[in-house]
Amino acid sequence: MTISKVGIIGAGQMGNGIAHVFALAGYHVHLNDIAQESLDKALSTITKNMSRQVSKEAISQADMDAALGRIQTTLTASDLGACDLVIEAATEREDVKKVIFEQLVPHLSSNTILTSNTSSLSITRLAAYTDRPEKFMGFHFFNPVPLMPLVELIKGIATDESTNTALIEVVEKIGKTPASSEDFPGFMVNRILMPMINEAIYTLFEGVGSVTAIDQSMKLGTNQPMGPLELADFIGLDTCLAVMTVLYEGFGDTKYRPCPLLKKYVEAGWLGRKSKRGFYDYSGDTPIPTR
């Protein structure tokens, strides 16, 4: 099938980045959210990020103007009914995604491909909440979407090959690299990354090293661009906990047990950069370790 109109549900950090890259690639984008404030903020963020690309001569002003002209916002999910592809990018909670799919599906064409940007939840189980498991896939982008070149594609047990082929073509058209993963908890990237972050938090929890020592050691000792605790703050500690919980419950292996300190930070509302406090305090000009 030809995909030209793309619907995106959720205008947050991931949703606005996905809208950004699809609009630049020539797709007509319908960005949906339940709050007008979120839609306004998303358009502001997209405009700012594209302006930065123009200043770096990565794109032209004409490219930016055309891309922004291809983005429409809506508070009504049924407006996504004419889309050829819909990407759900709401919060990482299965109950929320279930309600979204059940409300959306009656408005979709029978040919519409439905996907989720989930970072860890079962694609097979999410597909079962819809009327089209054969046209449902995981479509996992990485933050920040305009800069990160990878997209994980995850087939559920019922996904047909034509859907997979169509999405591979879409990923390549938006200038990203597709990586195919089987439908196991955490898929590939988060199954490897999150236990590393969780172990770094255990290392802090047990007093082996300070926030600064742990992050500096991993940056200088393994050549990582960000330390694991800094990266956890960037991702969001609530998201890290959600993924670790999926891994722990999905495999039943104690090596995936979320660190108690991670749970405490989330309970305190210390979620990282987005709440101005996590393993670092972001209230000033320079992040300061909180432990």
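In this text, all values refer to a predicted model and were calculated from it rather than measured experimentally.

Participant: Break down the overall build of the protein chain for me, with residues and values.
Facilitator: Of regular secondary structure, the protein chain possesses 11 helices and 10 strands. Its C-alpha radius of gyration of 19 Å places the protein chain within 12% of the 19 Å reference for a compact globule of 291 residues. For the protein chain, with 291 residues in total, the buried portion stands at 47%. Looking at the protein chain alone, contacts between residues at least 24 apart form 64% of all its contacts between residues at least 6 apart. A total of about 13500 Å² of accessible surface is found on the protein chain, and carbon and sulfur atoms cover 53% of it. Put simply, the protein chain has 26 plus and 33 minus side-chain charges, and the middle of one group is 4 Å from the middle of the other.

Participant: So what's going on with the domain arrangement of the protein chain? Which residues, and what values?
Facilitator: As assigned here, the protein chain comprises domain 1 (5–182) and domain 2 (190–284). Computed over C-alpha atoms only, the centres of domain 1 and domain 2 are separated by 27 Å. Domain 1 puts seven residues into the contact, and the matching count from domain 2 is five residues. In total, about 530 Å² of surface goes out of reach between domain 1 and domain 2, with carbon and sulfur atoms giving 56% of it. At the junction of domain 1 with domain 2, the criterion picks out zero salt bridges. Scanning the region where domain 1 abuts domain 2 turns up one residue pair in polar contact (both at pLDDT 80 or more). Counted by class, the side of domain 1 that touches domain 2 contains two nonpolar, four polar and one charged residues.

Participant: Report on the nonpolar core, specifying residues and quantitative values.
Facilitator: Grouped together as the largest cluster of nonpolar side chains are 37 residues, with contacts concentrated most on Val6, Ile18, Phe22, Leu85, Phe139 and Phe141. Considering each element in turn, this core owes the most residues, six residues, to helix H1 (residues 13–24). Once you skip the residues sitting within four places of it in the chain, Leu85 turns out to touch Ile3, Lys5, Val6, Gly7, Phe22, Thr112, Ile113, Thr115, Phe139, Leu167 and Val170.

Participant: Explain the UniProt feature "site: Important for catalytic activity" (unreviewed entry) in the protein chain to me, and be specific about the residues and the numbers.
Facilitator: Feature annotation in UniProt places "site: Important for catalytic activity" (unreviewed entry) on His140, given in this structure's numbering. Its place among the elements puts His140 in strand S6 (residues 136–141). Excluding residues that lie within four positions of it along the chain, His140 makes contacts with Ser116, Asn117, Thr118, Ser119, Leu150, Val151, Glu152, Ile154 and Asn190. A polar contact is formed between the side chain of His140 and the side chain of Glu152, at a distance of 2.8 Å.

Participant: Got a sec to walk through the pairing of S6? Specific residues and values, please.
Facilitator: Burial analysis of S6 places six of its six residues in the buried class, the great majority of the element. Side chains Phe136, Gly138 and His140 project from S6 onto one buried face, and the interleaved Met137, Phe139 and Phe141 project onto a second face that is buried too. Note: strand S5 (residues 113–116) against S6, three bridges, orientation parallel. Each bridged residue has a counterpart across the sheet, and for Thr115 the counterpart in S6 is Met137. As defined by bridge partners, S6 adjoins strand S7 (residues 150–155) across five bridges and the pair is classed as antiparallel. Each bridged residue has a counterpart across the sheet, and for His140 the counterpart in S7 is Glu152.

Participant: I'd love a proper account of the side chain of Arg132, names of residues and values included.
Facilitator: For Arg132, the position within the fold is in the loop between helix H5 (123–127) and S6. Judged by relative accessible area, Arg132 falls into the buried class, the value being 3%. A polar side-chain atom of Arg132 sits 2.6 Å from the main-chain carbonyl oxygen of Ser109.

The rules we used
Residues numbered from 1 in each chain as written. Predicted model: local features only at pLDDT ≥ 70, side-chain atom pairs only at ≥ 80, totals over all residues. Heavy atoms only, no water. Helix = DSSP H or I, 4+ residues; strand = E, 2+ residues; numbered from the N terminus. Rg over C-alpha atoms; globule rule 2.2 N^0.38 Å. Buried < 20%, exposed > 50% of the residue type's maximum accessible area, 1.4 Å probe, protein only. Contact = heavy atoms within 4.5 Å. Areas by Shrake-Rupley, 256 points an atom, 1.4 Å probe, with all protein chains shown as cover. Lys, Arg positive; Asp, Glu negative; His and termini not counted. Charge placed at Lys NZ, Arg CZ, Asp CG, Glu CD. Domains from an automatic or database assignment. Buried area = accessible area lost by both parts, 1.4 Å probe. Salt bridge = Lys/Arg side-chain N within 4 Å of Asp/Glu carboxyl O. Polar contact = N/O pair within 3.5 Å; in protein donor to acceptor, adjacent residues only side chain to side chain. Nonpolar A, V, L, I, M, F, W, Y, C, P; charged D, E, K, R; others polar. Core = buried A, V, L, I, M, F, W, Y, C linked by side-chain atoms within 4.5 Å. UniProt positions renumbered as here; feature names shortened; annotations may be inferred. Pairing = 2+ DSSP bridges.

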